[in-house]
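Listed below, chain by chain, are the residues.
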Amino acid sequence: MNQQIDFTQPQRLNFFGVFVSGIKFFLRFIRAFGIAFLFILIKNSSMFFSGWFWLGLLGIFVLIMLFAYLNYLNFWYYIDPVNKEFIIKRGILNKERVVIKFDKILQINIVQNVIQQALDLYSVEVESSGSKETEIDLFALDEETAQSLKNYILVLKGDLNTDFQQNESYIEDQQELLFELKAKDIFVVSLFSNYRQGMLLFFAFLITIFNQVSEYLFQDGLLAFFEDFSVTLLLSQIAIILFVILLVPILINLVRYFITYYNFQMNRSKKGVLNMHYGLFNLKDLIFNRDKVQLITSTQNWVLKKFKLSIVTLQQVLTDEQKVESSLIHLPGITDSDKTILYGILFDRNLGTKFQTHLPSIRLFVSRTIKVFLVFIALAAIGFIAFRANFMEIACACGFLFLLVSLYNFLFYRNYKLLQYDDFIIRKAGVWDIKETIVPIKSVNAVSVSQTFWQVRRKLGNVGLSTSSGVIDFVFFDLNLMNSLANEILYRIEKESFKTA
């Protein structure tokens with residue numbers, strides 16, 4: 001047990017980090033020069049069987065490992081508890097001193113990739129505002145040191161309420177499992193969600209098929225079309241594109257959801273600290289601070305509803321526009337019962353059953369349809385000028401696509417709703433994937449009511465709720481309703497401000 005670590009004194013990484021660093025440098029070398037090496041081997045394949053080639057490659061690897069060892073000798077980290085700074089000294093020839101103020105630290109993650117799992121090492125990654133990349137990566141720490149360092153920083157930051165002492169190891173051996181995401185549920189979500197990419201391919205396929213069919217219809221006549229057109233070719237193309245439509249979202253979701261959030265668990269320690277653990281190849285261990293959650297999005301389509309599954313996304317406080325992705329926490333494949341537990345963790349209670357449903361004006365559909373109509377008119381005009389000989393085909397294609405988009409807009413209008421609870425405002429929208437965006441009133445910083453020129457006559461309006469994670473807009477509702485909603489939310493904000501003052 002490593003119980004006497006003084007993080008106020010300069011510390012080195014674990015010695016086995018030399019191998020981790022060496023392998024990382026070697027992989028960078030392969031990515032930089034791999035294509036050039038491959039091209040040379042293709043031109044001169046006999047080089048692959050040359051002993052000099054392998055000896056040279058071994059020499060490069062030895063130099064990289066020597067560089068990794070020198071990097072290990074010159075890498076130090078420590079904490080200044082007085083000034084609340086995380087300090088790193090690194091560099092072989094060019095010495096560098098990196099200082100990060102605790103108030104600039106956004107997230108501290110414990111990560112373990114495949115190589116680190118083999119060596120039983122962990123990374124402590126520190127993300128700070130003002131930088132897209134992870135600014136500090138202590139990639140070679142044992143588990144106890146990694147956990148102790150992470151929690152020591154969180155205590156000094158004030159994000160962790162515990163009696164942790166500087167020379168005390170902090171690892172909670174007994175934790176209560178609140179809920180977990182089962183692998184089969186994540187896989188189901190990967191199969192039946194995120195089909196937008198597939199639909200784009202489908203529209204491209206429709207245009208291709210239409211061009212092929214119209215070539216026969218408009219040039220050779222209807223009789224020639226039925227004599228020469230290959231039904232087998234058409235069916236084979238349809239089968240291929242349907243396969244691609246299904247495959248693309250699945251592959252995207254397998255990487256985005258299944259591999260990333262495999263074996264997701266949310267635990268609570270004896271001291272009430274919430275912790276998230278997940279990952280297949282890159283294991284992550286994160287402290288979950290519910291007070292930072294500003295918006296909650298629950299996504300569900302018809303298929304997932306049958307399985308009682310959803311994709312819940314938690315949007316945390318966004319202090320830097322460059323950190324949008326790192327502020328999101330996805331929970332793919334969460335069951336309805338576990339979602340109730342999650343809402344209880346976030347809000348100390350369920351959403352409740354008492355709410356008012358408000359529907360938008362039909363002008364929402366009309367407005368979206370007019371905009372699309374103008375776009376297709378412009379496209380048809382451009383097609384007439386540029387391709388006058390084939391204008392009929394272009395006009396038919398534009399008309400067909402306009403009908404499809406109009407159907408999409410109608411379904412969007414039909415599913416668009418505003419649900420008003422006592423402490424929450426929910427926007428429900430979508431066509432295939434129905435998204436419910438939950439806005440806790442306590443998270444709202446500002447409220448704005450607006451009208452466009454076309455809404456004035458119909459007495460319609462829009463309201464925007466500004467939070468630390470972004471702005472949520474509700475459009476084409478009754479103006480009196482929007483003003484009443486805005487006044488109520490502002491009253492609640494002022495009331496909460498008065499309580500905390």
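Nothing here was measured: the structure is a model prediction, and the numbers come from that model.

Thresholds, definitions, all that
- Residues numbered from 1 in each chain as written.
- Predicted model: local features only at pLDDT ≥ 70, side-chain atom pairs only at ≥ 80, totals over all residues.
- Heavy atoms only, no water.
- Helix = DSSP H or I, 4+ residues; strand = E, 2+ residues; numbered from the N terminus.
- Buried < 20%, exposed > 50% of the residue type's maximum accessible area, 1.4 Å probe, protein only.
- Contact = heavy atoms within 4.5 Å.
- Patch = residues over 30% accessible without salt bridge, like charges linked within 9 Å, V, L, I, M, F, W, Y side chains within 5 Å.
- Areas by Shrake-Rupley, 256 points an atom, 1.4 Å probe, with all protein chains shown as cover.
- Salt bridge = Lys/Arg side-chain N within 4 Å of Asp/Glu carboxyl O.
- Expected span 1.5 Å × (residues − 1).
- Pairing = 2+ DSSP bridges.
- Phe/Tyr/Trp six-rings, centres within 6.5 Å; stacked < 30°, edge-to-face > 60°.
- Lys NZ or Arg CZ within 6 Å of the ring centre and 35° of its normal.
- Axes fitted to C-alpha atoms, helices over the stretch in contact; angles between N-to-C directions.
- Left-handed = near helix turned anticlockwise from the far one by under 90°.
- Nonpolar A, V, L, I, M, F, W, Y, C, P; charged D, E, K, R; others polar.

## Topic: the overall build of the protein chain
Right, on to step 1. Helix and strand counts for the protein chain come out as 13 helices and 20 strands.
Right, on to step 2. Across the 501 residues of the protein chain, 42% fall into the buried class.
Right, on to step 3. For the protein chain, long-range pairs separated by at least 24 residues make up 59% of all intrachain contacts whose partners lie at least 6 apart in sequence.

## Here we look at a nonpolar patch on the surface
Right, on to step 1. Together, F15, F16, F19, L63, L66, Y69 and L70 make up a nonpolar patch on the protein surface, roughly 660 Å² of accessible area in all.
Right, on to step 2. By residue number, the principal contributor to the nonpolar patch is helix α2 (residues 51-73), which donates four residues.
Right, on to step 3. In this fold, L66 is placed in helix α2.
Right, on to step 4. With a relative accessible area of 46%, L66 lands in the partly exposed category.

## Here's the deal with the side chain of S469
Right, on to step 1. Here S469 lies in the loop between β19 (460-467) and β20 (470-478).
Right, on to step 2. Taking the relative accessible area as the measure of exposure, S469 reaches 12% and is therefore buried.

## Structural notes on helix α10 (residues 363-386)
Right, on to step 1. Given a rise of 1.5 Å per residue, 24 residues ought to cover 34 Å, and the 34 Å separating the end C-alpha atoms of α10 matches this to within 8%.
Right, on to step 2. Three or more residues of α10 are buried, namely L364, F365, S367, T369, V372, F376, A380 and G383.

## Some points on the pairing of strand β2 (residues 85-90)
Right, on to step 1. As paired strands, strand β1 (residues 76-80) and β2 are joined by five bridges and run antiparallel to one another. Pairing of Y78 across the sheet is with I87, part of β2.
Right, on to step 2. Between β1 and β2, which pair antiparallel one after the other, the connecting turn spans four residues, and K84 there sits at a positive phi close to 55°.
Right, on to step 3. Of the pairings in the sheet, the one linking β2 to strand β3 (residues 96-101) comprises six bridges and is antiparallel in character. In the strand pairing of β3, E85 is matched with K101.
Right, on to step 4. The hairpin formed by β2 and β3 contains five residues between the paired strands, and G91 there has a positive phi angle of roughly 115°.

## Digging into the packing of aromatic side chains
Right, on to step 1. Applying the stated criterion across every chain, the model contains 23 aromatic pairs.
Right, on to step 2. Taken together, a centroid distance of 6.1 Å and an interplanar angle of 80° make the contact between F187 and F258 edge-to-face. With a gap of 71 residues between them, F187 in helix α5 (residues 183-191) and F258 in helix α7 (residues 231-259) connect regions that are remote in the sequence.
Right, on to step 3. The exposure class assigned to F187 is partly exposed, which follows from its relative accessible area of 37%.
Right, on to step 4. Aromatic rings pair up to connect F15, F16, F19, Y69 and Y72 into one cluster.
Right, on to step 5. Here the basic side chain of K24 rests over the ring of F139, its NZ or CZ set 4.6 Å away from the ring centre.
Right, on to step 6. Over the ring of F412 we find R368; its NZ or CZ atom is 4.0 Å from the centre of that ring.

## Focus on the sheet that holds strand β5 (residues 122-128)
Right, on to step 1. Strand order across the open sheet formed by seven strands is β6-β5-β4-β10-β9-β8-β7, with antiparallel pairing between neighbours. The open sheet has two free edges, formed respectively by β6 (136-141) and β7 (175-180), since each of these has just one partner strand. When the angles between neighbouring strand axes are averaged without regard to direction, this sheet yields 25°.
Right, on to step 2. Two strands pair when backbone bridges link them, and strand β4 (residues 105-112) and strand β10 (residues 283-288) are joined in this way by four bridges, in the antiparallel orientation. From the neighbouring strand, V111 faces β10, where its bridge partner is K284.
Right, on to step 3. Helix α9 (residues 336-347) contacts β7, β8 (265-269), β9 (274-278) and β10 of the sheet and is inclined by roughly 125° relative to β7.

## Topic: the pattern of salt bridges
Right, on to step 1. In the structure shown here, the tally under the stated rule is seven salt bridges.
Right, on to step 2. Salt-bridge contacts for K184 lead to D185; the nearest nitrogen and oxygen are separated by 3.2 Å.
Right, on to step 3. According to the relative accessible area criterion, K184 is exposed, its value standing at 56%.

## A few points about unusual backbone geometry
Right, on to step 1. Backbone geometry at N263 places phi at a positive 60°, although glycine is not the residue there.
Right, on to step 2. One can find N263 in the loop between α7 and β8.

## Considering the environment of V188
Right, on to step 1. In this fold, V188 is placed in helix α5.
Right, on to step 2. Sequence separation of V188 and I250 is 62 residues, and the distance between their C-alpha atoms is 9.7 Å.

## Digging into the side chain of Q294
Right, on to step 1. Within the element layout of this structure, Q294 appears in strand β11 (residues 293-300).
Right, on to step 2. Once you skip the residues sitting within four places of it in the chain, Q294 turns out to touch Q315, Q316, V317, I438, P440, S443, T467, S468 and S469.

## With respect to the pairing of strand β12 (residues 309-316)
Right, on to step 1. Summarising burial for β12: eight of the eight residues are buried, a large majority.
Right, on to step 2. The alternating pattern of β12 places L309, I311, T313 and Q315 and S310, V312, L314 and Q316 on opposite faces, both of which are buried.
Right, on to step 3. Relative to strand β13 (residues 328-335), β12 runs antiparallel, the two being bridged by seven bridges. Residue pairing across strands places S310 opposite I334, the latter belonging to β13.

## Let's talk about the packing of helix α1 (residues 17-43) against α2
Right, on to step 1. Between α1 and α2, whose axes approach to 9 Å, the crossing angle comes to 145°. When you trace α1 past α2, the crossing you get is right-handed. Here V18, F19, S21, G22, F25, F26, F29, F37 and L41 of α1 come into contact with α2, specifically with F53, I60, F61, I64, M65, F67, A68, Y69, N71 and Y72.
Right, on to step 2. Among the residues making up the contact of α1 with α2, the classes are represented as 16 nonpolar, three polar and no charged.

Everything listed here is a matter of geometry and, on its own, says nothing about what the molecule does.
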